[in-house]
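Tertiary structure, described
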Amino acid sequence: MNELKKNKDFAGPKGPVVLAIMDGIGIGKNPESDFVLQSATPNLDWLREHALYTELRAHGVAVGLPDDGDMGNSEVGHNAIGCGRVFSQGASLVGKAIESGAMFAPESVWDELIRNVINKESTLHFIGLFSDGNVHSNLNHLETMLRKAKEQGVKKARIHALIDGRDVPPTSALEYVERFETFLNEINADGSVDYCVASGGGRMNITMDRYNANWDMVRRGWDTHVKAEGRRFASMKEAIETFRKEKPGILDQDLPAFVIERNGAPVGPIVDGDSVIFFNFRGDRALEITKAFEADELTEFDRGPKPDVLYAGMMQYDGDLGVPEHYLVTPPAIDRTMSEYLSNAGIKQLAISETQKFGHMTYFFNGNNSGKFPTETWVEIPSDSCPFEEAPRMKADEITDAVVRAIESGDYRFIRLNYPNGDMVGHTGDVNAVKVAVEAVDQGIGRIIEALKKTGGILVCSADHGNADDMCELDKKTGKLVLDDEGKFKPKTAHSLNPVPAIIYDPSGEAHASLADVPNPGIANLAATCISLLGFEPPEDYVPSLVKVG
Ligand code: 3PG
Ligand code: CO
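Predicted model only: the values in this text are computed from it and were never measured. (Residues numbered from 1 in each chain as written. Chains lettered and ligands numbered in written order. Predicted model: local features only at pLDDT ≥ 70, side-chain atom pairs only at ≥ 80, totals over all residues. Heavy atoms only, no water.)

So, on to unusual backbone geometry. Look at the link from Val323 to Pro324: it is a cis peptide, with omega at -5°. Here Pro324 shows up in the loop between β11 (310–315) and β12 (327–329). Of note in the backbone geometry, Ala228 takes a positive phi value of approximately 55° without being a glycine. Turning to its location among the elements, Ala228 is positioned in the loop between α7 (215–225) and β7 (232–233). Given the relative accessible area of 8%, Ala228 is considered buried. In the Ramachandran plot, Asn263 falls in the positive-phi region, its phi being about 50° despite a non-glycine side chain. Note that Asn263 resides in the loop between β8 (258–262) and β9 (265–266). (Helix = DSSP H or I, 4+ residues; strand = E, 2+ residues; numbered from the N terminus. Buried < 20%, exposed > 50% of the residue type's maximum accessible area, 1.4 Å probe, protein only.)

Set out below in structure tokens:
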């Protein structure tokens, strides 16, 4: 049993400790690009002056990513916040497994996938996010796997490319297409193999839905990749250029689906006997398509006849469900999360967000496990299905209503919530909508403070990574805005590399909290912080609390 020791000097506040994650709200470096700064945030401004305030690292090695050039993301961010330690994450583990060759070892899942296609003279398929964003996937991994497949005698490979523009610049698709065409030309040059792109589409249009928000995306992905049904083109480049001409201004992430044909027929439907690798390492947007490939019965959409394939994910995406059955790399073993410790201590906990980030506050927070601990209650507010820039307040008000009710009810000692606005609207690149989004979050925080004042609770307010704080493309050398021919800035849709705020506000002052001297703190320090504010000693191997109490 993982037990928490009580703090002799402080038994916890009268009201609950509330951890508010303001998704995608970091601390910008360039005021012109910082739409958190440009929004009206009277509550956050007040807290910065009157509460305990510090800044936390939320990217790179501080959250288990390969290096400090890697922006943070919600998976690694919520993992770190929830488990109070820094684990090497998917991007690092897959990179190492590929570099060391461990992934390709004899008797490995890789080996099984390869033997399957060689024995059956069938096709090896790769489906995944086609960029080097290193959030869900990395094109380098795909290229190395294809080289290895050739070395091992795989004759036919087909790639189903999900166009990014969300973890990389918004209209950068053709850069990746060009790079990959050069790669394919080289690998195909000696005529011994036939490797090519078979289908694809924008990642926010097909295949990569998450948290059951829109299964229609998965249906469209299935029809495109598996059945090869859809608008046909001679190449991925032709598809992208055509879509852009037809809808000027379209972002890569929203591109329609396409199927590649050769001699009048689709080049790569997925059929009985094939092997399929879903090469994303991150799980949230991989679980639904994985279910479509694995489940015997699927109620979410009509798959038609399910091809009998050997399917593997790059990683295990859900430790509790054991999904997928076959995977190439073992995920980080995130154990002893804060939720488990608090549950063992009998602390009633509420996790709440809207659909788009619901799994972040539950499944990611609990170390990529979908199981619930006994003292946890989870509340999901259904997200809108319209584009988020059209309704940038999203469900911030409804989330706040539910949190305020929960604070006032006295039913919970620990409440954790996520406001998705700064991130989800940040990803659209629409800066005016981003301001509305950030202001909605600030207003929510204001209402939470009032409720905590009444009940004697404590607020811990932070973020998982930045986004809205860096909305424009900046020149890498000068740090100034990159302008187009008309002198307009270029919107940026990806996360930022910026730090995030950490605010600890105890209106009653009963915790006697003061900032501890923690060198180089990161978001992993939030777990011990919440545990100490609840009146317990944090586990010894958690990175330390940001505050001293009592
Ligand atoms: C996404 O999946 O929407 C982006 O790739 C990353 O955003 P998130 O890490 O904030 O979910
Ligand atoms: Co995001």
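Sheet strands pair by backbone hydrogen bonding; their relative direction is either parallel or antiparallel. Spatially, the 7 strands line up as an open sheet ordered β3-β17-β16-β2-β15-β13-β14, and their pairing is mixed. In this open sheet, the two edge strands, each paired with only one partner strand, are β3 (52–56) and β14 (376–381). Neighbour-to-neighbour, the strand axes of this sheet turn through a mean angle of 15°, independent of strand direction. Both β3 and strand β17 (residues 500–505) contribute to a ladder of 5 bridges, which runs antiparallel. Of the residues in β17, the one forming a bridge with Tyr53 is Ile503. (Pairing = 2+ DSSP bridges. Axes fitted to C-alpha atoms, helices over the stretch in contact; angles between N-to-C directions.)

Counted by the stated rule, this structure contains 12 aromatic pairs. Relative to Tyr505, the ring of Trp46 lies with its centre 5.4 Å away and its plane at 80°, an arrangement referred to as edge-to-face. One end of the pair, Trp46, is in helix α1 (residues 42–50); the other, Tyr505, is in strand β17, with 459 residues separating them in the sequence. Overall, Tyr505 belongs to the buried group, its relative accessible area being 10%. (Phe/Tyr/Trp six-rings, centres within 6.5 Å; stacked < 30°, edge-to-face > 60°.)

Interface size is commonly expressed as the accessible surface area that is lost when the partners come together. Assigned domains of the protein chain: these are domain 1 (5–87 + 335–548) and domain 2 (91–329). Computed from C-alpha atoms alone, the centre-to-centre distance between domain 1 and domain 2 is 32 Å. For the pairing of domain 1 and domain 2, the buried interface totals around 1900 Å² over both sides, and the portion due to carbon and sulfur atoms is 48%. For domain 1, the biggest contributors to the area lost against domain 2 are Tyr363, His427 and Thr493; these three give 23% of the whole. (Domains from an automatic or database assignment. Buried area = accessible area lost by both parts, 1.4 Å probe.)

The next point concerns the UniProt feature "binding site: Mn(2+) 2" (unreviewed entry) in the protein chain. As annotated in UniProt, the feature "binding site: Mn(2+) 2" (unreviewed entry) corresponds to Asp23, Ser74, Asp464 and His465 in the numbering used here. Separation in sequence by 443 residues is not matched in space for these annotated residues, since their most distant C-alpha atoms are only 7.8 Å apart. The topology assignment puts Ser74 in helix α2 (residues 74–83). Every residue in contact with Ser74, bar those within four places of it in the chain, is listed here: Asp23, Arg282, Lys357, His360, Phe364, Asp464, His465 and His495. Within the structure, Ser74 has its side chain in polar contact with the side chain of Asp23 (distance 3.5 Å). Examined against the element boundaries, His465 turns out to sit in the loop between β16 (458–462) and β17. For His465, the residues in contact, after removing those within four places along its chain, are Asp23, Gly24, Ile25, Gly26, Ala58, Gly72, Asn73, Ser74, Asp423, His495 and Val500. (UniProt positions renumbered as here; feature names shortened; annotations may be inferred. Contact = heavy atoms within 4.5 Å. Polar contact = N/O pair within 3.5 Å; in protein donor to acceptor, adjacent residues only side chain to side chain.)

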